[in-house]
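# A look at the structure
Residues per chain, in single letters:
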Amino acid sequence: MNQHAKVDIRHSTCPHDCPSACALDVEVIDGRSIGRVRGSKQQTYTAGVVCAKVARYAERIHHPDRLLHPMRRIGPKGSGQFARISWDDALDEIAARFDQAEKEFGAQSVWPYYYAGTMGLVMRDGINRLANVKKYSRFYSTICANVARIGFAIGTGKIAGVDPREMGVSDLVVIWGTNPVNTQVNVMTHAMRARKERGAKIAAIDVYNNDTMKQADIKILLKPGTDGAFACGVMHVLFREGYADREYMDRYTDCPNELEAHLANRTPEWASAISGVPVEEIEAFARLVGQTKRSFFRLGYGFTRSRNGAAQMHAALCIPAVTGAWQHEGGGAFFNNFAIWKFDESIIEGHDALDRTTRWLDQSQIGRILTGDTEALKGGPPVKAMLIQNTNPMTVAPEQALVRQGFAREDLFMVVHEQFMTETAVMADIVLPATMFMEHDDLYYGGGHQHISVGAKLIDPPGECRSNHEVLQGLGSRLNAVHPGFTMSPRELIDATLQKSGHGDIAALEADLWRDLQPDFRTSHYLDGFAHADKKFHFKADWANPPFGNALGPWAQMPSLPDHWNIIEEVDEAHPFRLATSPARSFLNTSFNETPSSIAREGKPSVMMHPDDAATLGLADGDVVTLGNVRGETNLTLKLFDGLRRGVLIAESIQPNKAHIGGRGINMLTGAEAIAPVGGAAFHDNKVWVKKATLSA
């Protein structure tokens, strides 16, 4: 007789670099494999909805191309020629090479490098413990969140906002600088609920008519890097036409009269000339916001990934402070709940071993660092050895020409711990096979909501895959890196972290499944004052004294009051287009680049151009075009699209370099200059030229 497979429904949290951190119900089949993955209805933010790529996670976790065994390079760098070795041989060789680099060039010649391929605290951040104990160069993460975080916190005093579920009881949901249909689908769950149940309007503000804007009632299409000008034009109207809540501002904000005077000449006409948004659209949006007390501003990361990104976030954030929307349920602003977790990661990261005199190196400037730039190296020794976990810099890092040059160095010993043979892994000397999130235990938080959770191990990993923590344990013992964190299991680290953080123990959190930490209404809406020392919302930003981060970039030039900071890469005769590299729907950075369904949906690398621009250049839909600037060139397939302003180009997704004709990816064009005031990379702020590609036969 045929036996039916036993299917259990187990619970987990999506670990990928997405603010939704979805609560998952996972089919575990016979205790060995997974089936369908669904969003859990038990968690009120996820509310039963999960993105399509995670719903198909079985396609990824059981992919035939997963790395299964440690390997050593046996051919030239980048050749992809590897031979299988044992774990002991791999770890012994890594430790010996790290010790050799330390002996010859000092401990800071070793640079552990990571990012957010998993957002689990144990598996993401444990690498810092190795760096701290061994006094290796420290890692300063700049590639994603810094700019947005500082732009929000400079206004409110901390990175926390109203309960994001309040979108569902709003009368106007403003989705600004983010495309949640592609990147955080649960935003749309709650916005659509407000539309269905309350007749709420959804407004989308972005640089192209993306999948979110297509579902919006109000569509504001602006040029990249001009959100600050648009915001100022809106606030000018709010003051001019009596929609500014002066009683609220007098009580809760720092300098409303100074702001009003400053905005007097930031008219809709001024804003329109900069942003490309027609005057009548600026005025209509301002009146709608002014007339709608329950206006919820859902602010994203995308519009901060330009050289003026922090100022843009602050300018947009000022609007609900002018209208007093914070007073109302369904009103105010939300970007991220980073400030509410209060996780004490001292054991995970080895804070007791931290030496702040040890140099930190800027993640975004890996190309400059590996090619010996003295300033990027802080005047210290060259980087001679690296361990890379949870990231794929050979594809995602800016200034790819320099990154390629650096990774090709024969004197650089590179270890990559990965799930697939990424373009970074191909350049490694040692490749180690990594687990996926259902194959280990970890601790998670939801940046886009308010829940924390334990993601338990559901199945055994294939082959000889080991978790990040196991690799660090193996290296720690061989490198004489002594710290309690290396002797603890992931569950013990989770338990200790929760208890040190005042969150109880692991058993209690597992019993909760997903614990809701949202502060009460008054706290979330800052009704007892904002988080600055003076309890005020700050229209006047003190960029010289940010609440966190390392001072980087031309922060002294930043406007203190909301404005258009004209530091973006403006078009010129040689570079007549501005390019934004926006997220795709079926890839997440370079995760899911390997799954067949995602590849099929995204197709080959392409760039959107307005038909009138294409006609001027004699280009047709489907042509292969070359985009270029002083940093490099890349080839893409042209898609004619009238859902953007003329002079703007949009390239969705980060495709592998090898997917581009000629093998040069989109980040050949992006710069690594540090964004003020605390660093970051301007992925959506590039001036480029375009021409029809000349392809060799």
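These lines cover the structure that appears in this document, whether it is placed above or below. Along each chain, numbering runs from 1 in the same order as the chain's sequence is written. Only residues with pLDDT of at least 70 are given local features in this predicted model, and only at 80 or more are side-chain atom pairs given and counted; all residues enter the totals for whole chains, interfaces and linings. Based on all heavy atoms of the structure, the side-chain values leave hydrogens and waters out of the count.

## Some words on the overall build of the chain
The condition that has to hold: Helix numbering and strand numbering both begin at the N terminus, where a helix is a DSSP run of H or I of at least 4 residues and a strand a DSSP run of E of at least 2. Any two residues whose heavy atoms approach within 4.5 Å at even a single point are treated as in contact. Charge convention: Lys and Arg are scored as positive, Asp and Glu as negative, and His as well as the terminal groups of each chain are ignored. Where a charge sits is defined by one atom per residue type, namely NZ (Lys), CZ (Arg), CG (Asp) or CD (Glu).
A count of helical and extended segments in the chain gives 26 helices and 25 strands. At a minimum sequence separation of 6, the contacts of the chain that also span at least 24 residues come to 75%. Distance from the positive charge centre (73 side chains) to the negative charge centre (81 side chains) of the chain: 2 Å.

## Description of helix H5 (residues 127–134)
To keep it simple, the criterion reads: Only protein chains enter the calculation, and the probe is 1.4 Å; a residue is then buried if its accessible area is under 20% of its type maximum, exposed if over 50%, and partly exposed in between.
Along H5, eight of the eight residues are buried, which leaves the element largely enclosed by surrounding structure. Directly after H5, the chain includes Lys-135, whose backbone phi takes a positive value near 65°.

## Regarding the packing of helix H3 (residues 87–105) against helix H20 (residues 468–478)
So the rule is basically this: Throughout, an axis means a line fitted to C-alpha atoms (over the contacting stretch in the case of helices), and angles, computed between N-to-C directions, take values from 0 to 180 degrees. Convention used here: angles under 35 degrees read as roughly parallel, angles over 145 as roughly antiparallel, angles from 65 to 115 as roughly perpendicular, and any remaining angle as oblique. Here a crossing is taken to be left-handed if its near helix is turned anticlockwise relative to the far helix by less than a right angle, and right-handed if that turn runs clockwise. Side-chain classes are defined by residue name, with Ala, Val, Leu, Ile, Met, Phe, Trp, Tyr, Cys and Pro counting as nonpolar, Asp, Glu, Lys and Arg as charged, and the others, Gly among them, as polar.
Where H3 contacts H20, the two axes come as close as 9 Å, and the packing angle between them is 55°. Comparing their axes, H20 and H3 come out oblique. Of the two elements, H3 crosses H20, and the hand of that crossing is right-handed. Of H20, the residues touching H3 (which contributes Trp-87, Asp-88, Leu-91, Asp-92, Ile-94, Ala-95 and Asp-99) are Val-471, Gly-474, Leu-475 and Arg-478. By residue class, the composition of the contact of H3 with H20 is six nonpolar, one polar and four charged.

## Quick word on the state of the cysteines
For the record, the criterion: The term disulfide is used for any two cysteine sulfur atoms that are within 2.5 Å.
Tallied over the entire structure, the rule returns zero disulfides. Counting only cysteine sulfurs, Cys-22 is the nearest neighbor of Cys-18, a cysteine outside any disulfide, at a range of 6.0 Å. Judged by relative accessible area, Cys-18 falls into the buried class, the value being 18%. With no disulfide of its own, Cys-232 lies 8.2 Å from the sulfur of Cys-318, the closest cysteine sulfur.

## Description of the sheet that holds strand E3 (residues 33–39)
Rule in force here: A pair of strands is treated as paired once DSSP finds two or more bridges between them.
Strand order in the open sheet formed by three strands is E1-E2-E3, with antiparallel pairing between adjacent strands. If you trace the sheet from one side to the other, it starts and ends with strand E1 (7–13) and E3, each paired once. Adjacent strand axes in the sheet meet at a mean angle of 30° when their direction is disregarded. When E1 meets strand E2 (residues 23–29), the two strands line up antiparallel, connected through seven bridges. Across the sheet, the residue bridging to Arg-10 is Val-26, located in E2.

## Some remarks on H20
The complete set of buried residues in H20 reads Asn-468, His-469, Val-471, Leu-472, Gly-474, Leu-475 and Gly-476. A positive backbone phi angle near 55° is found at Asn-480, which sits one or two residues after H20.

## So, unusual backbone geometry
Excluding glycine, residues mostly have negative phi values, and the peptide bonds linking residues are mostly trans. Look at the link from Ala-676 to Pro-677: it is a cis peptide, with omega at 5°. When you line up the elements, Pro-677 lands in the loop between strand E24 (648–650) and strand E25 (686–692). A positive phi is found at Asn-480, a non-glycine position, where the angle reads about 55°. By secondary structure assignment, the location of Asn-480 is in the loop between H20 and helix H21 (484–487).

## Regarding the pairing of strand E8 (residues 172–176)
Where burial is concerned, most of E8 is hidden: five out of the five residues are buried. The alternating pattern of E8 places Leu-172, Val-174 and Trp-176 on one face and Val-173 and Ile-175 on the opposite face, and all of these are buried. Relative to strand E9 (residues 201–206), E8 runs parallel, the two sharing five bridges. The partner of Ile-175 across the bridge, within E9, is Ala-204. The pairing of E8 with strand E11 (residues 295–299) spans five bridges and is classified as parallel. Bridging from a neighbouring strand, Ile-175 pairs with Arg-298 of E11.

## Describing the pattern of salt bridges
Put simply, the test is: Basic side-chain nitrogens of Lys or Arg form a salt bridge, by our definition, when they fall within 4 Å of a carboxyl oxygen of Asp or Glu.
Going through the model one piece at a time under the given rule, you end up with 44 salt bridges. Between Arg-368 and Glu-399 there is a salt bridge, with its nearest N and O atoms 2.7 Å apart. Of this pair, Arg-368 sits in helix H16 (residues 366–370) while Glu-399 sits in the loop between helix H17 (393–396) and helix H18 (400–407), and the two are 31 residues apart along the sequence. Pair check on accessibility: Arg-368 and Glu-399 agree, each one buried. With a closest N to O distance of 3.5 Å, Arg-601 and Glu-602 form a salt bridge. Look at Arg-601 and you get partly exposed, because its relative accessible area is 47%. The buried category is assigned to Glu-602, whose relative accessible area is 12%. Several salt bridges converge on common partners, so that one network encompasses Arg-307, Glu-569, Arg-578, Arg-631, Glu-673 and Asp-685.

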